[in-house]
Amino acid sequence: MFASRPALRWFAPAAVLALVLLVGTAGTLFRANAAGALPERTAAQLLVDLQKADPDGFSGTVSQQADLGLPQLPGIGGSDDSSDLSSLVSGSHTLKVWYDGPERSRIALLGTLGESDLIRDGKDVWVWSSTSRTATHTVLPASKSAPAKAVPDLPRTPQEAADQALKALDPSTKVTTDGTASVAGRAAYQLILAPRDASSLVGQVRLAIDSEQHIPLQVQVFAKGAGTPAIQVGFTQISFAKPSAEHFRFAPPPGTKVTEGKAGDEAHPRADRTAPGEDSHARGDQQNAREQGADKGTGAKAAADRPSVVGKGWTAVVTAKMPTEARHADSEFRPILDRLPRVSGTWGSGRLLSGALFSVLVTDDGRVLAGAVSPQRLYSVAGTAR
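Each chain carries its own residue numbering, running from 1 in the written order of its sequence. Where totals are concerned, whole chains, interfaces and linings use all residues; where local detail is concerned, this predicted model gives features only for residues with pLDDT of at least 70, and gives and counts side-chain atom pairs only at 80 or more. The basis for every side-chain value is the complete set of non-hydrogen atoms in the structure, without hydrogens or water.

## Structural notes on the packing of aromatic side chains
To keep things clear, this is the line we draw: For this analysis, a ring pair means two rings from Phe, Tyr or Trp (six-membered ring only for Trp) whose centres lie within 6.5 Å, classed as stacked if their planes differ by under 30 degrees, edge-to-face if by over 60, and tilted for the remaining angles. To qualify as a helix, a DSSP run of H or I must reach at least 4 residues; to qualify as a strand, a run of E must reach at least 2; elements of each kind are numbered from the N terminus. Only protein chains enter the accessibility calculation, which uses a 1.4 Å probe. A residue is then buried if its area is under 20% of the maximum for its type, exposed if over 50%, and partly exposed in between.
Counted by the stated rule, this structure contains six aromatic pairs. Between Phe 58 and Tyr 99 the ring centres are 5.1 Å apart and the planes differ by 20°, which places this aromatic pair in the stacked class. Remark: Tyr 99 occurs in strand S2 (residues 91–99) and Phe 58 occurs in strand S1 (residues 58–66); sequence separation between them is 41 residues. Since its relative accessible area comes to 6%, Phe 58 is described here as buried. Taken together, the aromatic side chains of Phe 58, Tyr 99, Phe 235 and Phe 240 make up a single cluster linked through ring pairs.

Take a look at the structure:
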């Protein structure tokens with residue numbers, strides 16, 4: 001999302017990770033009608049169904065909408081290009097999804113004038129934009145089974161959103177059921193996750209779970225006290241036929257600028273080339289050798305600067321350090337920071353970004369705190385975490 005704005009990458013572990021914590025982004029509003037008679041299942045049974053869900057493959061169309069109550073700020077409301085991945089932060093979008101097991105998947109965000117794709121085919125991960133004619137290619141190391149973080153971990157399908165919600169399940173979460181529904185023409189059970197801690201800005205997360213395949217067909221996130229979802233992602237059409245291999249093969253069209261990324265570190269590409277062009281793996285290996293020979297102290301400093309989490313569950317707060325370059329008066333982040341409300345307290349002073357589901361505090365001493373909590377909770381953490 002922030003690939004076009006390097007100085008804003010620090011924002012990913014803050015605002016974006018706050019969204020991840022409370023289950024993602026996306027989806028359109030569409031009515032879930034009663035599904036008719038289905039055998040009754042308890043919340044515990046539905047949770048087991050979700051954990052055991054293992055479809056051979058599926059494909060379909062996903063509608064998504066997000067209204068996070070964010071102020072109008074440059075670079076925060078998402079891209080003006082409806083096919084850009086950053087546009088998922090707000091508005092309505094349509095995506096195509098293909099899934100053939102954990103090592104083969106494709107998500108295409110369809111815009112008015114183009115599309116952006118996130119593709120995994122074995123160890124190869126591609127992020128491609130037809131509008132900007134750019135692509136990022138990452139080769140996953142053999143030891144990694146998870147896709148590279150080519151973009152921030154914003155969920156783009158109901159399955160991703162549900163997986164992240166389930167990770168938050170602990171004694172702090174109340175889990176109930178709410179009858180049945182019909183989503184994308186399929187019968188589904190409705191599962192509700194709600195924070196027990198009233199200090200969370202999240203009111204509840206509602207999942208519509210397919211009665212046969214047990215994958216989530218729709219996920220909705222409600223702010224506390226709200227009657228309509230701030231975030232919703234759901235299938236409007238789905239087929240459980242295994243998609244053909246051609247959907248996961250990708251060759252950059254002629255004229256595409258290709259960046260060879262380093263797995264797990266999208267901020268430091270190894271090389272650039274234009275497709276079709278020369279093999280860049282040799283240059284990438286040389287860069288790796290230089291990195292391995294760098295001062296070991298750099299690694300220790302990087303570890304100290306990594307984001308950390310204070311608390312757990314729905315009221316956890318992510319803390320991170322803002323990169324030095326983002327603090328400069330001429331940084332591209334400065335116009336955003338200057339337009340945020342100024343706040344202060346015993347913890348110090350800074351700027352506050354608040355939405356319907358999360359809050360982000362940027363302190364004058366260079367810290368960033370974010371979570372699905374009120375500003376008061378961030379102020380409390382800021383006073384104790386340095």
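From this point, the discussion proceeds with the structure in view.
## Some remarks on the sheet that holds strand S14 (residues 308–310)
Selection rule: Any two strands with at least two DSSP-identified bridges between them are counted as paired. For every element, the axis is a line fit to its C-alpha atoms; helices are fit only across the contacting stretch, and the angle between N-to-C directions ranges from 0 to 180 degrees.
With respect to topology, six strands assemble into an open sheet ordered S14-S15-S19-S18-S17-S16, the strand pairing being antiparallel. Bordering the open sheet on either side are S14 and strand S16 (342–345), each of which pairs with just one other strand. Between one strand axis and the next, the sheet turns by 30° as a mean value, whatever way the strands run. Direction of pairing for S14 relative to strand S15 (residues 317–321): antiparallel, over a ladder of three bridges. Opposite Ser 308, over in S15, you have Thr 319 as the bridge partner.

## Section: the pairing of S15
Counting buried residues along S15, four of its five residues qualify, which places the element largely inside the surrounding structure. Between S14 and S15, which pair antiparallel in sequence order, lie six residues; one of them, Gly 311, sits at a positive phi of approximately 85°. Where S15 and strand S19 (residues 367–371) come together, five bridges link them in antiparallel fashion. Each residue of the ladder has a partner; that of Val 318, found in S19, is Ala 370.

## Some words on the pattern of salt bridges
For the record, the criterion: Within this document, salt bridges are pairs made up of a side-chain nitrogen of Lys or Arg and a carboxyl oxygen of Asp or Glu, the two lying within 4 Å of each other.
Taken as a whole and judged by the stated rule, the model has nine salt bridges. Note that Asp 364 is salt-bridged to Arg 342, the shortest N-O span being 2.4 Å. Here Arg 342 lies in strand S16 and Asp 364 lies in the loop between strand S18 (359–363) and S19, a separation of 22 residues in the sequence. Residue Arg 342 is classed as partly exposed on the basis of its relative accessible area of 48%.

## As for the confidence of the model for the protein chain
Basically, it comes down to this: What pLDDT conveys is the predictor's confidence in a given residue, as a value from 0 to 100. By definition in these notes, contact holds between two residues if any of their heavy atoms fall within 4.5 Å.
When pLDDT is averaged across the protein chain, the result is 76; 66% of the residues are at 70 or more. Put simply, helix H1 (residues 12–21) is where the protein chain has its lowest mean pLDDT, 35, and S16 is where it has its highest, 96. Scored below 50 in pLDDT, residues 76–80 makes 11 contacts in the model with residues more than four places away or belonging to other chains. Note on residues 144–154: pLDDT under 50 across the span, and 31 contacts to partners over four residues away in sequence or across chains.

## Focus: the nonpolar core
Quick reminder of the rule: Among buried residues, the Ala, Val, Leu, Ile, Met, Phe, Trp, Tyr and Cys ones that are joined through side-chain atoms within 4.5 Å form a nonpolar core.
Residues Leu 191, Val 205, Leu 207 and Leu 357 are the most contacted members of the largest nonpolar core, which totals 47 residues. With five residues, strand S9 (residues 202–210) is the largest single contributor of residues to this core. Counting 11 residues, the second-largest nonpolar core is a separate cluster that includes Trp 347, Leu 352, Leu 369 and Ala 382.

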